[in-house]
Amino acid sequence: MYPAHSPVRGARALALSATAAIARNARLDRLYARANRPLMELAEMQPVTAAWWRERRKVQGDFWYLALGDSTAQGIGASTPGRSYVGQLADRIEAELGEPIAVTNLGVSGAPTRLCVRDQLPRAAKLLARRDPALVTLAIGANDIAEWDARAFHTNIATIFDALPAHTIVGEVPCFHLPWNDRKVREANRILHTIAEDRGLTVVPVYEATRRRGIRGILTEFAPDAFHPTDRGYEVWADTFWPAVRAQIRR
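Now for a quick tour of the structure. (Residues numbered from 1 in each chain as written. Predicted model: local features only at pLDDT ≥ 70, side-chain atom pairs only at ≥ 80, totals over all residues. Heavy atoms only, no water.)

## Examining the packing of helix α7 (residues 113-130) against helix α8 (residues 150-163)
Viewed as axis vectors pointing N to C, α7 and α8 meet at an angle of 10°, and their least axial separation amounts to 10 Å. Compared by their axis directions, α7 and α8 come out roughly parallel. Note on element contacts: α8 touches α7 through Phe-153, Asn-156, Ile-157, Thr-159, Ile-160 and Ala-163, opposite Thr-113, Arg-114, Cys-116, Val-117, Leu-121 and Leu-128. Its residues assigned to classes, the contact of α7 with α8 comprises eight nonpolar, three polar and one charged. (Axes fitted to C-alpha atoms, helices over the stretch in contact; angles between N-to-C directions. Helix = DSSP H or I, 4+ residues; strand = E, 2+ residues; numbered from the N terminus. Parallel < 35°, antiparallel > 145°, perpendicular 65-115°, else oblique. Contact = heavy atoms within 4.5 Å. Nonpolar A, V, L, I, M, F, W, Y, C, P; charged D, E, K, R; others polar.)

## Concerning the side chain of Thr-210
With respect to the secondary-structure elements, Thr-210 resides in helix α10 (residues 206-211). Engagement of the side chain of Thr-210 in a polar contact is seen with the backbone nitrogen of Cys-175, the distance being 3.0 Å. Among residues more than four places away in sequence, those in contact with Thr-210 are Pro-174, Cys-175, His-177 and Trp-237. (Polar contact = N/O pair within 3.5 Å; in protein donor to acceptor, adjacent residues only side chain to side chain.)

## Re the packing of helix α6 (residues 85-97) against helix α12 (residues 231-250)
Packed helices, taken two at a time, are described by their axes: the angle between them and the distance between them. At a closest axis distance of 8 Å, the pairing of α6 and α12 adopts a crossing angle of 45°. As judged from the angle between their axes, α6 and α12 are oblique. Relative to α12, the crossing made by α6 is right-handed. Residues Tyr-85, Gln-88, Leu-89, Arg-92, Ile-93, Glu-96 and Leu-97 of α6 pack against Asp-231, Tyr-234, Glu-235, Trp-237, Ala-238, Asp-239, Phe-241, Trp-242, Val-245, Arg-246, Ile-249 and Arg-250 of α12. Grouping the amino acids of the contact of α6 with α12 by side-chain chemistry returns eleven nonpolar, one polar and seven charged. (Left-handed = near helix turned anticlockwise from the far one by under 90°.)

## Re helix α9 (residues 179-199)
The end-to-end C-alpha distance of α9, which contains 21 residues, comes to 31 Å, matching closely the 30 Å that a straight helix rising 1.5 Å per residue would cover. Buried residues of α9: Asn-181, Asp-182, Lys-184, Val-185, Ala-188, Asn-189, Ile-191, Leu-192, Ile-195 and Ala-196, and no others. Phi turns positive, to about 75°, at Gly-200, one or two residues after α9. (Expected span 1.5 Å × (residues − 1). Buried < 20%, exposed > 50% of the residue type's maximum accessible area, 1.4 Å probe, protein only.)

## Some thoughts on the nonpolar core
Residues Leu-66, Leu-68, Leu-138, Ile-160 and Phe-161 are the most contacted members of the largest nonpolar core, which totals 37 residues. Sequence-distant contacts of Ile-160, defined by excluding residues within four places in its chain, comprise Thr-113, Cys-116, Val-117, Leu-121, Leu-138 and Ile-140. Core analysis: the second largest hydrophobic core is formed by 26 residues, Tyr-65, Ala-78, Ala-139 and Ala-244 among them. (Core = buried A, V, L, I, M, F, W, Y, C linked by side-chain atoms within 4.5 Å.)

## As for the pattern of salt bridges
Tallying each qualifying case throughout the model produces 14 salt bridges. The residue Glu-235 makes a salt bridge to Arg-232 at a minimum N-O spacing of 2.8 Å. Of this pair, Glu-235 and Arg-232 both sit in helix α12, three residues apart, which is roughly one turn of the helix. Here the residues in one salt-bridge network are Arg-213, Glu-221, Arg-232 and Glu-235, joined through shared partners. (Salt bridge = Lys/Arg side-chain N within 4 Å of Asp/Glu carboxyl O.)

Encoded structure:
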């Protein structure tokens, strides 16, 4: 189990996040720039994270794992991209099989469902035309909440699901622990479940797994931007995916 960080650190991250929101609304540009610095520093890690996953693709294996999603697939907020939920699942699969596996991570930091359709699905289609993956995971939708449009989300999710193999394992939109966003997240997950069930896809309960972490999880399992998970936070995601992933491996 990865260690949780200090609650004091988490409280500071929440305070900075709240300050950034207030400063943005009040158009206090200098204060916003200072308070928003942790988020910007993590954003600057995106090229490094993408390069890490490109390097990871060089590992060969009979078992091929294809991942799609957003920054949580890439591992923004983790100490290394390999400790994202995708990386942790890959490590567990290798331990289960006793051999290296191939991993292709198409996740893009900041991607909402519409950009997953535009950017990731064409790349996935080319890969799927050449080889059948043993495992496909998808976690997308968190970036749709800020500008929520239920109809567009429904259309995009249906398009994504139709393009992926029937054995794809889908993660719910996580809990944000913010009452004003929770209604949107619940609606997103209802849509996601309805479309997935219609297509026979497996959905894992990321929302409930993150919701029940409560205040302790908020203070100890999030990065300095108070949004992305830490190593321990991603372990919660990996734990949630793992029963479905392990069952698929054993089948």
